[in-house]
Amino acid sequence: MGDGRIPHSVGFERRGYLFCLFTVSVFVFVFSWFFFLQSAGSPHFIEHGFLPDKKLFSVVDNFKSTPRDRSKEDHESPPTTAAIQDEVKEQPSACEPNKTTLKVFMYDLPSEFHFGLLGWKGTDSVWPDISNGVPDYPGGLNLQHSTEYWLTLDLLSSRFSNRRGPCNAVRVDNSSEADIIFVPFFSSLSYNRYSKVNPKEKVSLNRALQDKLVAYLRVQDEWKRSGGRDHVILAHHPNSMLDARMKLWPCMFILSDFGRYPPNVANIDKDIIAPYKHVIRNYDNDSSTFDSRPILLYFQGAIYRKDGGYIRQELYYILKDEKDVHFSFGSIRGGGINQATKGMHSSKFCLNIAGDTPSSNRLFDAIASHCVPVIISDEIELPYEDVLDYSEFCIFVRTSDALKEGFLIKLVRSFTKEEWMKMWERLKEIEHHFEYRYPSQGDDAVQMIWKAVSHKVPSIRLKLNRSNRFRRSMVQIS
């Protein structure tokens, strides 16, 4: 019976041993951690060679805005020539290809394809000297599809030694170094101005230029090398490149939407959606409030449209008698742009309804007006949607829902002041992404488009590399 006590005492001794071991371990861990924290307070072991240069921090500090005494500025001495030269030396010079997001080779197409369409006549060069001024682009509705103009200007200026703007894309001279091949054909301008057939001609100038372009591209080494997959062609007007698009389908198109393209020719996987250039005036220094905009819902434009635009007519009859709703016919004639500017600047919500195509310039007019867009277009594609969440500043309504009696007006009236103000603030934050400028500025429409193009480059390379797998075998067989 006495043997039964032996296991109990042994177990007790073991537990005591484990407890002592645990206590010692905890003490060592706490002491080590305390020592580590004490040593972290003084960075004695940091190699100073790895620290950023203090000049880097001075650049950051220069961007911090501090109040300035304007009265003193008027009496300050102008900077000396030496000081100006020192400042210029510190400024970035021309865009360097190895430091940019996108390296672009641009064909030196004859001027009849681009600035010649604007009336510019070159003598010694196919390109105008834009360092001394740029050819004007026609106004009115021509401007809304002027993407081709702004991108070309940006490329031409990308190697200027005094360029101060962003460098997302830079022109290179060797096509083998390029990420993409840019085709500088002002196709939207060509359609808008030269699509009619003159009495003494068999085809329009617009059609003739497209035929010339196809013939030109097909004999270029760059096209043969990639089959056109790395070529970028602008066709922002829905009817531009109408005769050539089926022949150039492997390329990357920059479009306003896919409404008039079969999916095997243009699609979201390989092509880019670019914004229209808004035609109404920007709402600068906008300090409006929910209550200071008297119009609840605004639409002014063509009401009777073909294709998917039938909804405009249906909505007109649903909304025309609603209180605080402006829904009327309008055009750019007779001061139409000024009327639309005033109307959108005075409205809380602005309708963007599908017309002949899924998209329209009205969305971008609304953004420039800080008027919350109400988008009724089931097939619409939007610029930079991989970067921007449009639901933060737009309202999307399915066509089938919008046509239900009372649905749309009830939805719009359900938004509170706080909800509307949040979307209004967001519109002011993102509006610069839709502005076309020359010189281009950071993250404006030009730079956002270049970034969108750069996002397609890995996919282009993948396709090209896969197509090269059996190139050697095919040569051997032939």
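It should be noted that the structure appears before, not after, this text.
Predicted model, so just to flag it, every value in this text is computed and none were measured.

## As for the overall build of the chain
- A tally of helices and strands in the chain yields 16 helices and 11 strands.
- Burial analysis of the chain (478 residues in total) assigns 44% to the buried set.
- In the chain, the share of contacts with a sequence separation of at least 24, taken over all contacts with a separation of at least 6, comes to 68%.
- For the chain, the accessible surface area stands at approximately 27,900 Å², while carbon and sulfur atoms represent 54% of it.

## Side note on the state of the cysteines
- Applying the stated criterion across every chain yields a total of 1 disulfide.
- Linked covalently through their sulfurs, Cys-350 and Cys-371 form a disulfide whose S-S length is 2.1 Å. With the S-S dihedral at roughly 105°, the linkage between Cys-350 and Cys-371 falls on the right-handed side. Of this pair, Cys-350 sits in strand S9 (residues 347–353) while Cys-371 sits in the loop between helix H11 (362–369) and strand S10 (372–376), placing them 21 residues apart in sequence.
- According to the relative accessible area criterion, Cys-371 is buried, its value standing at 0%.

## What to know about helix H9 (residues 310–319)
- Among all positions of H9, only Ile-311, Arg-312, Leu-315, Ile-318 and Leu-319 are buried. The buried side chains of H9 occupy one side of the element, clustering within an arc of 125° when seen end-on.

## What about the pattern of salt bridges?
- One pass over the structure, following the stated rule, counts 16 salt bridges.
- Across the pair Asp-154 and Arg-163 runs a salt bridge whose closest N-O atoms are separated by 3.0 Å. Each member of the pair, Asp-154 as well as Arg-163, carries the same accessibility label: buried.
- Overlapping salt bridges bring together Arg-207, Asp-211 and Asp-243 as one network.

## As for the environment of Asp-269
- Structurally, Asp-269 can be placed in the loop between strand S5 (252–255) and strand S6 (272–273).
- A relative accessible area of 59% places Asp-269 in the exposed class.
- Residues Asp-269 and Met-252, spaced 17 residues apart in sequence, show a C-alpha to C-alpha distance of 9.6 Å.

## With respect to the packing of aromatic side chains
- Per the counting criterion, the structure on display carries 22 aromatic pairs.
- Taking 5.8 Å as the distance between ring centres and 55° as the angle between the ring planes, the aromatic pair formed by Tyr-316 and Phe-327 counts as tilted. Of this pair, Tyr-316 sits in helix H9 while Phe-327 sits in strand S8 (residues 325–329), placing them 11 residues apart in sequence.
- Taking relative accessible area as the criterion, Phe-327 reaches 8% and is therefore assigned buried.
- Ring geometry for Phe-364 versus Phe-434: centroids 5.8 Å apart, planes at 45°, classification tilted. In this pair, Phe-364 is assigned in helix H11 and Phe-434 in the loop between helix H14 (417–430) and helix H15 (445–467), connecting sequence segments 70 residues apart.
- Its relative accessible area of 5% is what places Phe-364 among the buried residues.
- Connected via pairs of aromatic rings, a cluster forms that spans Phe-115, Trp-127, Tyr-137, Tyr-149, Trp-150, Phe-186 and Tyr-436.
- Over the aromatic face of Tyr-261 sits the side chain of Arg-245, whose NZ or CZ is 3.9 Å from the ring centroid.
- Its end group placed over the ring of Phe-290, Lys-348 keeps NZ or CZ at 4.9 Å from the ring centre.

Cut-offs and rules
- Position numbers for residues count from 1 along each chain, tracking the sequence in the order it is written.
- In keeping with the model being predicted, local features are shown solely for residues with a pLDDT of at least 70 and side-chain atom pairs are shown and tallied solely at 80 or more, while totals for entire chains, interfaces and linings include all residues.
- Side-chain figures throughout are based on the complete set of non-hydrogen atoms in the structure, without hydrogens or water.
- Helix numbering and strand numbering both begin at the N terminus, where a helix is a DSSP run of H or I of at least 4 residues and a strand a DSSP run of E of at least 2.
- Only protein chains enter the accessibility calculation, which uses a 1.4 Å probe; a residue is then buried when its area is under 20% of its type maximum, exposed when over 50%, and partly exposed in between.
- Between two residues, a contact is recorded if the distance between any of their heavy atoms is within 4.5 Å.
- Areas reported here follow the Shrake-Rupley algorithm with a probe of radius 1.4 Å; residue values treat only the protein chains shown as occluding.
- Here, two cysteine sulfur atoms that lie within 2.5 Å of each other are counted as a disulfide.
- Note that the arc is computed from the directions linking the helix axis to the C-beta atoms.
- The working definition used for a salt bridge is a side-chain nitrogen of Lys or Arg within 4 Å of a carboxyl oxygen of Asp or Glu.
- Centres within 6.5 Å are what make two rings of Phe, Tyr or Trp a pair, Trp counting through its six-membered ring; a difference in plane orientation under 30 degrees is then read as stacked, over 60 as edge-to-face, and the rest as tilted.
- Working rule: Lys NZ or Arg CZ, within 6 Å of ring centre, within 35 degrees of ring normal, means a charge sits over the ring.

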